[in-house]
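Here is what each chain is made of, one letter per residue.
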Amino acid sequence: MQRIILHFDLDAFFCAVEEKSNPDLISKAFAVGGEANQRGVVASCSYPARMVGVHSAMPMRRAKQLCPDLFVVPQHRQAYSEYSRRVMAMLGNLTPLVEKLSIDEAFLDVTGIKGNGESIARDIQKRVRDELDLPCSIGVASNKLVAKIANNIGKARTKSPEPPCAIEIVPVGSEAAYLAPLPIRELWGVGPKTAASLHELNINTIGDIARQERDLMVYHFGKNGYDMWRHAQGIDNRPVEPEQETKSISREITFTHDNRDEGELKRILRRQAEEVARQLRKSQMNCKTINIKLRWSDFTTLSRQTTLLHPTQDEKLIAKKAIALFDTHWTQGKPVRLIGVGVSNLNDAAVRQLELWETEQTQKSRKLQSTLDDLKERFGDSSVKKGIDIKKRGK
Ligand SMILES: [Mg+2]
């Protein structure tokens, strides 16, 4: 059966919410994010700001250079979450097949719903505008890959200080022709490295990939080569998957000033491991992979991971592995700007509890942790510390 897939994306979402609470901001150049002097970064920026080259993820200091009159508005995350919830609920009323990609972005499978792709998209755009007063853009195609690319292209086409409110439609059967003239970077899975290798082979557009022999793409790029080759033909059979299950849990912190204090960095890692483990226990999950993330003062980021033999939710084990990774990759005195701990490769804890490798010691430790979790839940985080934390503090 022919599918109709929409890629839905709110236009400069955080800015649109800010304009609702402060109409003075409308048609002004402003950015939501942290202040320039605090090493802030642009989380979202208005279309007038985009006209002069400001974009999200840009350091605020740089944005101010490009646009000296730029207003900087602090983030109101609760308001964004609340509007996001309302938008997603509205989409969910239309079809249960909504796959949320981020706070302001989702795929919808609207196959079988009254109307055609275009009329459904227009209807959604109008309702989000009328009922929530938010602008959005929509890509319409027969699969996720093409719908997402179409939306990017549709939005980029409108160069004006107004939100694009684009609707871009790729008719069934014209997927490959639509993609053909686009640069390879528009394709999923083509990062700077892959792009450089492709250019070396004189492959510059998505059409160039589509024209290659499949085996040649596999020869050069392995499985990713095969995927690129299929995607370049406009083929993507992945279903829209509602309710993405939790795939990873992480905690990280960005410092206002570079941090090179080994003791403190390790204390932070331990606390992050504790928070991650608590979230695992709350969700009744175990992890098998533990990773750390470190960003240095020149903004380069390093992620390193390690995989366990047996799944765990034990904060001590997670902390131990995180610190071991840290010890391997941090050289004494090297300034750290961001540090974080994450876990992935998650599975259901109920399964694990039947496994026989669990020793009496780990059982005891788990019992203690779940009692501590209860207390923290009831009395707040600072009320409960285990011996080692208290000793550290007193030092
Ligand atoms: Mg958006």
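How each quantity is defined
- Residues numbered from 1 in each chain as written.
- Predicted model: local features only at pLDDT ≥ 70, side-chain atom pairs only at ≥ 80, totals over all residues.
- Helix = DSSP H or I, 4+ residues; strand = E, 2+ residues; numbered from the N terminus.
- Contact = placed C-beta atoms within 7 Å.
- Pairing = 2+ DSSP bridges.
- Axes fitted to C-alpha atoms, helices over the stretch in contact; angles between N-to-C directions.
- Core = buried A, V, L, I, M, F, W, Y, C linked by C-beta atoms within 7 Å.
- Buried ≥ 20, exposed ≤ 12 C-beta atoms within 10 Å, placed from the backbone.
- Domains from an automatic or database assignment.
- Parallel < 35°, antiparallel > 145°, perpendicular 65-115°, else oblique.
- Left-handed = near helix turned anticlockwise from the far one by under 90°.
- Nonpolar A, V, L, I, M, F, W, Y, C, P; charged D, E, K, R; others polar.
- pLDDT = per-residue confidence, 0-100.
- Expected span 1.5 Å × (residues − 1).
- Arc of directions from axis to C-beta.

**Some details on the overall build of the protein chain**
Helix and strand counts for the protein chain come out as 15 helices and twelve strands. When contacts within the protein chain are restricted to residue pairs at least 6 apart in sequence, long-range pairs at least 24 apart make up 65% of them.

**Focus: the sheet that holds strand 4 (residues 71-73)**
Within a sheet, adjacent strands bond to each other through the backbone by hydrogen bonds, running parallel or antiparallel. If you walk across this open sheet you meet the three strands as 3-2-4, and the pairing is mixed. One side of each edge strand has no neighbouring strand; the edge strands of this open sheet are strand 3 (42-45) and strand 4. Recorded for the sheet is a direction-independent mean angle of 35° between the axes of neighbouring strands. By the bridge criterion, three bridges tie strand 2 (residues 30-33) to strand 3 in an arrangement that is antiparallel. Paired with Ala-31 across the two strands is Cys-45, which belongs to strand 3.

**Digging into the pairing of strand 5 (residues 98-102)**
Of the strand pairs in this sheet, strand 5 and strand 6 (residues 105-109) are connected by four bridges, and their pairing is antiparallel. Paired with Ser-102 across the strands is Glu-105, a residue of strand 6. Here strand 5 hands over to strand 6 after two residues, the two strands then running antiparallel side by side.

**Topic: the sheet that holds strand 1 (residues 5-10)**
Strand order in the open sheet formed by five strands is 5-6-1-7-8, and the pairing between neighbours is mixed. Either end of the sheet is taken by a strand with one partner, and the two such strands are strand 5 and strand 8 (167-169). In this sheet, neighbouring strand axes are inclined to one another by 15° on average, regardless of whether the strands run parallel or antiparallel. Judged from the six bridges that link them, strand 1 and strand 7 (residues 136-141) form a sheet pairing that is antiparallel. Bridge pairing links Ile-5 to Ala-141 in strand 7.

**What to know about the nonpolar core**
Membership of the largest hydrophobic core comes to 66 residues, with the highest contact counts inside it found for Leu-6, Ala-31, Leu-108 and Val-140. Taken domain by domain, this core gets at least three of its residues from each of domain 1 (1-170) and domain 2 (176-232). Apart from the residues within four sequence positions on either side, Ala-31 is in contact with Val-42, Cys-45, Ala-49, Val-54, Met-60, Ala-63, Leu-70 and Val-72. Ile-249, Met-285, Cys-287 and Leu-294 belong to the second largest nonpolar core, which has 22 residues in total.

**Some points on the packing of helix 11 (residues 262-282) against helix 12 (residues 315-329)**
At their nearest, the axes of helix 11 and helix 12 sit 8 Å apart, and the two run at 140° to each other. Looking at the two axes, helix 11 sits oblique to helix 12. In this structure, helix 11 crosses over helix 12, and the sense of that crossing is right-handed. Counted together, Lys-266, Leu-269, Arg-270, Ala-273, Glu-274, Val-276 and Ala-277 of helix 11 and Glu-315, Ile-318, Ala-319, Ala-322, Ile-323 and Phe-326 of helix 12 form the full contact between these two elements. Class assignment of the residues belonging to the contact of helix 11 with helix 12 gives a composition of nine nonpolar, no polar and four charged.

**Some words on the confidence of the model for the protein chain**
When the pLDDT values of the protein chain are averaged, the result is 88; 88% of them are 70 or greater. Long-range and interchain partners of residues 350-360, a stretch whose pLDDT sits below 50, account for five contacts in this model, where long-range means more than four residues apart. Contacts for the low-pLDDT stretch residues 386-395, under 50 throughout, to residues beyond four places or in other chains number two contacts.

**Focus: helix 5 (residues 117-132)**
Along an α-helix, a turn takes 3.6 residues, which lines up residues three or four apart on a common side. In this model, helix 5 (16 residues) spans 22 Å end to end at C-alpha, consistent with the 22 Å of a helix rising 1.5 Å per residue. Inspection of helix 5 places Gly-117, Ile-120, Ala-121, Ile-124 and Val-128 among the buried residues, and these make up the whole buried set. Buried residues of helix 5 fall within an arc of 100° about the axis and therefore sit on the same side. In helix 5, the exposed positions angled more than 90 degrees off the buried face are occupied by Ser-119, Lys-126 and Asp-130. Of the surrounding secondary structure, the elements contacted by the buried residues of helix 5 are strand 1, helix 4 (77-94), strand 7 and strand 8. Positioned one or two residues after helix 5, Asp-133 has a phi angle of 60°, which is positive.

**Notes on the packing of helix 4 against helix 5**
Running from N to C, helix 4 and helix 5 cross one another at 140°; their axes reach a closest spacing of 11 Å. In terms of their interaxial angle, helix 4 and helix 5 are classed as oblique. Remark: the crossing between helix 4 and helix 5 carries right-handed chirality. Here helix 4 contributes Tyr-83, Arg-86, Val-87, Met-90 and Leu-94 to the contact with helix 5, which in turn contributes Ile-124, Arg-127, Val-128, Glu-131 and Leu-132. Its residues placed into classes, the contact of helix 4 with helix 5 shows seven nonpolar, no polar and three charged.

**Some remarks on unusual backbone geometry**
Phi at Ser-27 is positive, roughly 60°, even though this residue is not glycine. Inspection of the secondary structure assignment puts Ser-27 in the loop between helix 1 (13-21) and strand 2. Even without being glycine, Cys-165 reaches a positive phi, approximately 45°. Within the secondary structure, Cys-165 is located in the loop between helix 6 (144-157) and strand 8.

**So, the environment of Leu-302**
Inspection of the secondary structure assignment puts Leu-302 in strand 11 (residues 301-312). The spacing of Leu-302 and His-329 is 27 residues in sequence and 8.8 Å in space, taken between C-alpha atoms. Discounting chain neighbours no more than four positions away, the residues touching Leu-302 are Leu-294 and His-329.

**Section: the environment of Asn-151**
You can see Asn-151 is positioned in helix 6. Residues Asn-151 and Ile-138 lie 13 residues apart in sequence; the distance between their C-alpha atoms is 5.6 Å.

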